[in-house]
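Residue-level structural notes
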Amino acid sequence: MKWLNVARHNFHFKSRLEPQSVLQVPSILIDILPLISEARLFKCPVEIEYMRRAAQISALAHKRLMEQCRPGQMEYQLEAWFNAYCLENGCRGLAYNSIVASGNNSCTLHYVANDQAIKNNDLILVDAGGEYNYYAADITRTYPANGKFTKEQRQIYELVLRAQLAGIDQVKPGNRWNSVQDTMVKIITTGLLELGILKGDLQQLLTTKAHRQFYMHSSGHWLGMDVHDVGDYKVDGNWRTFEPGMVLTVEPGIYIHNSTKNIDSKWLGIGIRIEDDLLVTSNGNEVLSSLAPKQIAEIERG
Ligand SMILES: [Mn+2]
């Protein structure tokens, strides 16, 4: 505003001497950021190609870690392999600091220390993505360090995977943003009740949002040049409907921290998240990160 006033004053003065040389000084200011954010929310074909490539490279990096991880390794060794794979295959850098969390560390949402030794019956949660031509991938996989899930790890994993697949099914034109979380919360709450981790009446547990003790974040976020990309989630107070060209993550999780009270100790220290990157298409969605295995049969080793 100050510079506009200066310009207005100067031009006014100058216009008396040389009227023909005077430019118009804007009289209305509009914040361009919402317009840019809205443009960034819808990816054009070139952007989609970059995002597909970022997700493919990152997915294959996750696959490599799954194959190479062993008890006794340090979390940061896996981080090094992930980062190296991305840079060897066309990414100039990472989209964000990689999270490599073994055992109970996987229950800390933004664990980035990555400095612990991986133990035999640990799960490893890796949340990492490369950046390709300025476009981000954001993928999470969780798997057993020694190649085999314990019974309890498998039960929680199957539940998170079931929720994630149902959440992914909700991503199609016409559905609203919140349909993903609502669907996943229902499945996770029902599953935790069946496993005896939550107790009580299902309707009551849904009403009181009892899942929040173990699943305390949202279903995902827009993805693009930023990992948590720009774009409104609500329009005029209503959850946004999906439209072709949008890219988002779907990332349910269940985290049972060691310090949890009033719970069978066999569940403690299990933290699982499964996260994929989705492009909304005209009739559904395309999972850009599908090259990262997530079915139990694919990730267990003999
Ligand atoms: Mn994410």
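Data block above holds the structure.
Now for a look at the structure at hand. Since the structure is predicted, the reported quantities are computational estimates derived from the model, not experimental observations. (Residues numbered from 1 in each chain as written. Predicted model: local features only at pLDDT ≥ 70, side-chain atom pairs only at ≥ 80, totals over all residues. Heavy atoms only, no water.)

**Some points on the coordination of the manganese ion**
- Taken together, Asp138 (OD), His221 (NE2), Glu251 (OE) and Glu275 (OE) make up the protein donors of the manganese ion, found 2.0 to 2.4 Å from the metal.
- What makes Asp138 buried here is its relative accessible area of 3%.
- Given a relative accessible area of 9%, Glu251 falls into the buried group. (Donors = N, O, S within 2.8 Å, 3.2 Å for Na, K, Ca; no water. Buried < 20%, exposed > 50% of the residue type's maximum accessible area, 1.4 Å probe, protein only.)

**Looking at the state of the cysteines**
- Considering all chains together, one arrives at zero disulfides under this definition.
- With no disulfide of its own, Cys69 has Cys86 as its nearest cysteine by sulfur position, at a separation of 17 Å.
- Between Cys91, a free cysteine, and Cys86, which holds the nearest cysteine sulfur, the sulfur-to-sulfur gap is 4.7 Å. (Disulfide = S-S within 2.5 Å.)

**What about the environment of Asp169?**
- Mapped onto the elements of the fold, Asp169 is located in helix H5 (residues 151–169).
- Through-space distance from the C-alpha of Asp169 to that of Val180 is 8.2 Å; in sequence the pair is 11 residues apart. (Helix = DSSP H or I, 4+ residues; strand = E, 2+ residues; numbered from the N terminus.)

**Details of the packing of aromatic side chains**
- For the coordinates displayed, the defined rule picks out seven aromatic pairs.
- Between Tyr50 and Tyr132, the ring centres sit 6.0 Å apart and the planes meet at 65°, which makes this aromatic pair edge-to-face. Within this pair, whereas Tyr50 is found in helix H3 (residues 45–68), its partner Tyr132 is found in strand E4 (residues 130–132), the two being separated by 82 residues in sequence.
- Looking at Tyr50, the relative accessible area reads 25%, which means it is partly exposed.
- Geometrically, the ring pair formed by Trp222 and Tyr233 is stacked, given 5.3 Å between the ring centres and 15° between the ring planes. With Trp222 in the loop between helix H7 (202–207) and strand E7 (234–235) and Tyr233 in the loop between H7 and E7, this pair connects stretches of sequence that are 11 residues apart.
- Given a relative accessible area of 0%, Trp222 falls into the buried group.
- By relative accessible area, which is 26% here, Tyr233 ends up partly exposed.
- Every member of this aromatic cluster is reached through a ring pair, and the members are Trp177, Trp222, Tyr233 and Phe242.
- Directly above the aromatic system of Trp3 lies the positively charged group of Lys2, at a separation of 5.6 Å from the ring centroid.
- Note that Lys234 overlies the ring of Trp239, its terminal NZ or CZ placed 4.6 Å from the centroid. (Phe/Tyr/Trp six-rings, centres within 6.5 Å; stacked < 30°, edge-to-face > 60°. Lys NZ or Arg CZ within 6 Å of the ring centre and 35° of its normal.)

**Regarding the environment of Asp127**
- For Asp127, the location among the structural elements is in strand E3 (residues 123–128).
- On the basis of relative accessibility, which here comes to 7%, the residue Asp127 falls in the buried class.
- When sequence neighbours within four positions are dropped, the list of residues in contact with Asp127 reads Tyr96, Asn97, Ser98, Ile99, Asp138, Ile139, Thr140, Arg273 and Glu275.
- Within the local environment of Asp127, its side chain forms a polar contact with the side chain of Tyr96, the two groups lying 2.5 Å apart.
- Among the polar contacts listed, one links the side chain of Asp127 to the side chain of Arg273, at a separation of 2.9 Å. (Contact = heavy atoms within 4.5 Å. Polar contact = N/O pair within 3.5 Å; in protein donor to acceptor, adjacent residues only side chain to side chain.)

**Some thoughts on the pairing of strand E9 (residues 247–250)**
- Burial along E9 is two-sided: Val247 and Thr249 and Leu248 and Val250, pointing in opposite directions, are all buried.
- The sheet contact formed by E9 and strand E12 (residues 276–281) spans four bridges and is antiparallel. Note that in E12 the partner of Val250 across the bridge is Asp276. (Pairing = 2+ DSSP bridges.)

**Notes on the pattern of salt bridges**
- By the definition in use, this model includes 14 salt bridges.
- Between Glu251 and Arg273 there is a salt bridge, with the nearest N and O atoms lying 3.9 Å from each other. Residue Glu251 is located in the loop between E9 and strand E10 (253–256), and its partner Arg273 is located in strand E11 (residues 270–273); the two are separated by 22 residues in the primary sequence.
- Of the residues examined, Arg273 reaches a relative accessible area of 4% and is grouped as buried. (Salt bridge = Lys/Arg side-chain N within 4 Å of Asp/Glu carboxyl O.)

**Considering the sheet that holds strand E1 (residues 93–94)**
- The sheet built from three strands is open, its strands ordered E1-E4-E5 with antiparallel pairing. Of all strands in the sheet, those bounded by a partner on one side alone are E1 and strand E5 (135–136).
- When E4 meets E5, the two strands line up antiparallel, connected through two bridges. What sits directly across from Glu131, in E5, is Ala136.

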